[in-house]
Amino acid sequence: MTDMMDSIEKIDPEIYRIIKKERDRLSDGVELIPSENVVSIAVLQAMGSVLTNKYSEGYPHKRYYGGNEIIDMAEDLAIERAKKLFGAEHVNVQPYSGSPANQAVFFALLNLNDTFMGLDLNAGGHLTHGSSVNFSGKQYNCVAYNVDKETELLDYDQIKKQAKKAKPKLILSGLTAYPRKLDFKAFQEICDEVGAYHMSDIAHIAGLCATGVHENPVPYADVVTTTTHKTLRGPRGGMIMCKIEDKFDKNGKKNLAQKIDSAVFPGLQGGPHDHVNAAKAVAFGEDLRPEFKDYCKQIVKNAKALADTLMDKGFELVAGGTDNHLMVIKLVNKGLTGKGKDVQTALDEAGITVNKNTIPYEPGSPFNPSGIRLGTPAVTTRGFKESEMKVVGESIAKVIDNLDDKKVIESVRKDILELCKKFPLYPEFDILK
Ligand SMILES: *Cc1c(COP(=O)(O)O)cnc(C)c1O
C-alpha cells in the first residue's frame, strides 16, 4: 500500500501535473463563463477535508449510521446559514448538484406525464426545465414559454394566457441565459391564478438574490432550487429551499418540507457529500458578510461595462443588454449566423473563455448556434472593475471582427496575459500542498 502520508505530488505525479496546468490556465486567462466562479481557499480546504470519509444517510439527528454527531454540526450550520441568507423556512443542502435538486422537486410534486411550464432552452432556460433530451422533458409534459420575438423579453400577459390554456401543475421561473430581471411576483400571480406550484430555479443568480441585487423569489415561490457553485461562490453542489406548508395538500400525511426531504433522500440520492456540505456552510458564511453584497453589486456593474463596450463596437446583445451578471452576443448582424463554435474557439486561443449559446428563435442549431454567452462572476472575484471590463470587451471585439487573422489573435493573447498578471489567482497559497 502507498504511504497514506505522502503528498499527491509523490503519489500521483500525473494528476498533480494536471491540477497545476489547470491552475495555470485559470491564472493566465479571462474566465467569462457566467456559471463559473473562483472559490476561496477556505472552501477548497473544507472540500479537501476528512469529512469525505463519512457515511451519513438521513438528516441531522436522524441518521442511519453511527458516529454522525460531528457531521450533524456541519450540516446544521449549512442549513442555518442558508436560511438566514435567503430568509427561507426550510432548507435541504444535500442535493449533489443543481440538476439533481430540480429532479428531486419534480419527483416530490409531480406524477409522471404531469404538465409543467418552463422557459424555452433557446431563450435561456436550462436543460432540466423541460428540454426533450432531458428527464424533465421525457418524463413530464413540458409546455415551454418563450420570450417575445421583438423585444426578447418575457411577456407575463402572454405566459398567463398560455398557462390558463395548458393548466400546468407547476410553473418554473428561472434562467441560465436570460440577461434581464425576472419578475417573481408576476410568476407567483400567474401560479395563483391557474392553481400551480411555483418553483423557482435561481442557480445562476442566487448570490444576487441573497444580497438584494436581484429580487429574491424565496418569499413568493413554494420551492426554490439553486446551485452553490455559481454566484454563491461555494463548492460544486445544489440546494433546495421551500415553504413548510403544502398549499394544495394542507392536511396531507407529509407537509411540503417533508415531501422535498424524502424526495432527495431516500427518493433519489444515497449518502450526502459531507465534505461538500461543510464547504457550502463555509461559503454561506462568506456570503453573509457585507463584502459579499459589494461583490454582487460589482458583478452587475462589470456586466454593464462589458455590455456597453460591446455595443459601442457594433455588437447586438439579446434583449438589448443586461440587468444581471450575464449577456448573450448575437452574431447574426456580424454575418456569423451559426458560427458560435468558431468564435468560442478563436476566443479560447486569445485566452478568453466563453461559451457558445443559442439565441431566442435560434436560426442555427444547438451545436452551431448564433450566440456567445458571457458573464462576470469569476472576473469580479478576481478583482476586475469597469476599466478592465472595457479592455476585455475591446479584446473580444477585436477577435470576433478578425476571426481568421492569427496575428490579431496572438496580439490579443499577449494583452490578456498582461492583464491577468496584474490579478494573480490564489497568490501565496499552494493549493497543491
Ligand atoms: C447550472 C444550472 C443548473 C444545473 O446545475 P448543475 O450543478 O450543473 O447540475 C440547473 N438550473 C439552472 C438554471 C442552471 O443554470
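Nothing here was measured: the structure is a model prediction, and the numbers come from that model.

Draft legend 1. Expanded view of the side chain of His-214. By the secondary structure assignment, His-214 is in the loop between α9 (206–210) and β9 (223–227). Assessed through its relative accessible area of 2%, His-214 is described here as buried.

Draft legend 2. Focus on empty space enclosed by the protein. Taken as a whole, this structure holds two cavities of 30 Å³ or more when the rule is applied. The calculated volume of the largest cavity comes to roughly 40 Å³. Among the residues forming the lining of the largest cavity, the class breakdown is seven nonpolar, four polar and no charged. Of the domains in this structure, domain 1 (27–31 + 298–421) and domain 2 (48–287) are the two that each give at least three residues to the lining of the largest cavity. Of the pockets and cavities examined, the second largest cavity occupies roughly 30 Å³. The wall of the second largest cavity is formed by Arg-25, Leu-26, Gly-29, Val-30, Glu-31 and Thr-353. Within the lining of the second largest cavity, the residues separate by chemical class into two nonpolar, two polar and two charged.

Draft legend 3. Just the site of the ligand, in detail. Near the ligand lie 14 residues; those nearest to it are Ser-97, Ser-99, Asp-201, His-204 and Lys-230. At a separation of 3.0 Å, an oxygen atom of the ligand approaches a polar backbone atom of Gly-98. Between Ser-99 and the ligand, the recorded distance is 2.7 Å, taken from a side-chain N or O atom to an oxygen atom. Burial of the ligand by the surrounding chains reaches 87%, relative to a free accessible area of 380 Å². Its atoms largely coinciding with the cavity grid, the ligand occupies the second largest pocket. By residue number, the principal contributor to the shell around the ligand is helix α5 (residues 98–109), which donates three residues. Here the shell around the ligand is built from residues that sort into two nonpolar, ten polar and two charged.

Rules of the game
Residues numbered from 1 in each chain as written. Predicted model: local features only at pLDDT ≥ 70, side-chain atom pairs only at ≥ 80, totals over all residues. Heavy atoms only, no water. Helix = DSSP H or I, 4+ residues; strand = E, 2+ residues; numbered from the N terminus. Buried < 20%, exposed > 50% of the residue type's maximum accessible area, 1.4 Å probe, protein only. 1 Å grid on protein atoms, 1.4 Å probe; cavity = no way out; pocket = protein on both sides within 12 Å on 5 of 7 lines; lining within 4 Å. Points joined across faces, edges and corners; volume = space filled by probe spheres on them. Nonpolar A, V, L, I, M, F, W, Y, C, P; charged D, E, K, R; others polar. Domains from an automatic or database assignment. Near = heavy atom within 4 Å. Polar contact = N/O pair within 3.5 Å; in protein donor to acceptor, adjacent residues only side chain to side chain. Areas by Shrake-Rupley, 256 points an atom, 1.4 Å probe, with all protein chains shown as cover. Sits in = over half its atoms within 2 Å of the grid points.

Geometry only, nothing functional implied.
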